[in-house]
Amino acid sequence: MTKWEYATIPLIIHATKQILDQWGDDGWELVQVVTGPDGNGLVAYLKREKQ
């Protein structure tokens, strides 16, 4: 059975692509992007297979 690890990261609007590309290069897959808890900004949820 596949086991996953997860990460939650804040996204800076002017650097969203660079942030997601960096995490993607490290093997993370984007699951969802939602509005931050304070109603401002965005938060990304990512996952990758545990090694």
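Since the model is a prediction, treat every value here as computed from it, not as a measurement.

Bringing the packing of aromatic side chains into the picture now. Tallied over the entire structure, the rule returns one aromatic pair. Ring plane angle 65° and centroid distance 5.5 Å describe the contact between Trp23 and Trp28, whose orientation is recorded as edge-to-face. Using a relative accessible area of 12% as the deciding quantity, one classes Trp28 as buried. Lys47 extends its terminal NZ or CZ atom over the ring of Trp4, reaching a point 4.1 Å from the ring centre.

The three strands lie next to each other as E1-E3-E2, forming an open sheet whose pairing is antiparallel. Of all the strands in the sheet, the pair left with one neighbour each is strand E1 (4-11) and strand E2 (29-35). The mean inter-strand angle of the sheet, taken between neighbouring strand axes irrespective of direction, is 20°. One ladder, built from eight bridges, connects E1 with strand E3 (residues 42-49); its direction is antiparallel. Counterpart to Leu11 in the pairing with E3 is Leu42.

Procedures and definitions
Residues numbered from 1 in each chain as written. Predicted model: local features only at pLDDT ≥ 70, side-chain atom pairs only at ≥ 80, totals over all residues. Heavy atoms only, no water. Phe/Tyr/Trp six-rings, centres within 6.5 Å; stacked < 30°, edge-to-face > 60°. Buried < 20%, exposed > 50% of the residue type's maximum accessible area, 1.4 Å probe, protein only. Lys NZ or Arg CZ within 6 Å of the ring centre and 35° of its normal. Pairing = 2+ DSSP bridges. Helix = DSSP H or I, 4+ residues; strand = E, 2+ residues; numbered from the N terminus. Axes fitted to C-alpha atoms, helices over the stretch in contact; angles between N-to-C directions.

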